[in-house]
Amino acid sequence: MLTDLQAKKLTHYFNVLDYNNNGLIQESDFIAIAENLCVLWGFKEGTDDYLMWINRFKSQWTEFRDYMLGTEENSADPEQWLRFADKKLVNGEDNFYSLFVEKLTEDIFDLFDQDQNGYIEQKEFIDFFMAFRIEVRHSAKSFMLLDTNRDDRISKDELTSGVRAFFRSSSEEDPGNWLFGVWDKELQR
Ligand SMILES: [Ca+2]
Ligand SMILES: [Ca+2]
Ligand SMILES: [Ca+2]
């Protein structure tokens, strides 16, 4: 069973991935996120970079679907997503979860550590929020909380802890809860 806090965070994550807000996560959401990244980074439609990113997100979708939904599914609604997340991520096997955390952390670094110095700086973190259309006004607080040693950059270890806590932690105080910005409408103010 998911705790109330876990369910709220996982629902927030669902909403982040449901880019076109139609109540389903599907391939078109992943493509739209890639298109938005290309706009952000100035890659014009039809160029090699553009096609590379679109294809990368298409394979992200395929992986997500295969891991989370089963290959025959084309989309997931919130209930399906919460069921899968409960069974496979929150209360699933630790090995599977560790791989998931590692992969998501690597993906975020691959995509947003633009200067490839092994850290996510504040500007790169804002790009991450913009790419997923997370409210940018919450990015400074998220960044500050995820940067646990306060050296103004997020290391791979800090992000790994954040990702790990985002999906599993049941503590309201956990900094990792803030990975994708505000997860609970009550915290908006
Ligand atoms: Ca959608
Ligand atoms: Ca960097
Ligand atoms: Ca740091």
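Now for a quick tour of the structure. If you're wondering where the values come from, they're calculated on a predicted model, not measured in any experiment.

**Some words on the coordination of the calcium ion (ligand 2)**
Taken together, the protein donors to the calcium ion (ligand 2) comprise Asp113 (OD), Asp115 (OD), Asn117 (OD1), Tyr119 (O), Glu121 (OE), Glu124 (OE) and Glu124 (OE), at separations of 2.3 to 2.6 Å. Linear spacing of the donor residues for the calcium ion (ligand 2) on their chain is D-x1-D-x1-N-x1-Y-x1-E-x2-E. Taken together, the residues Asp113 in the loop between helix H5 (94–112) and helix H6 (122–131) and Glu124 in helix H6 connect sequence positions eleven residues apart.

**Some remarks on the coordination of the calcium ion (ligand 3)**
Note on metal sites: the ideal angle is 109.5 degrees for four tetrahedral donors, and 90 or 180 degrees for six octahedral donors. Within the protein, the calcium ion (ligand 3) binds to Asp147 (OD), Asn149 (OD1), Asp151 (OD), Arg153 (O), Glu158 (OE) and Glu158 (OE); these donor distances fall in the range 2.3 to 2.5 Å. The coordination sphere of the calcium ion (ligand 3) comprises six donor atoms, whose angles at the metal cover 53 to 158°; the geometry is irregular. Look at where the donors of the calcium ion (ligand 3) fall in the sequence and you get D-x1-N-x1-D-x1-R-x4-E. By relative accessible area, which is 3% here, Asp147 ends up buried.

**Quick word on H6**
Residues of H6 that are buried: Glu124, Phe125, Asp127, Phe128, Phe129 and Ala131. Where H6 is buried, its residues touch helix H2 (27–41), H5 and helix H7 (139–146). One or two steps after H6, the chain reaches Arg133, where phi turns positive at roughly 50°.

What counts, and at which threshold
- Residues numbered from 1 in each chain as written.
- Chains lettered and ligands numbered in written order.
- Predicted model: local features only at pLDDT ≥ 70, side-chain atom pairs only at ≥ 80, totals over all residues.
- Heavy atoms only, no water.
- Donors = N, O, S within 2.8 Å, 3.2 Å for Na, K, Ca; no water.
- Helix = DSSP H or I, 4+ residues; strand = E, 2+ residues; numbered from the N terminus.
- Tetrahedral: all angles 85-135°; square planar, octahedral: opposite > 155°, others 65-115°.
- Buried < 20%, exposed > 50% of the residue type's maximum accessible area, 1.4 Å probe, protein only.
- Contact = heavy atoms within 4.5 Å.

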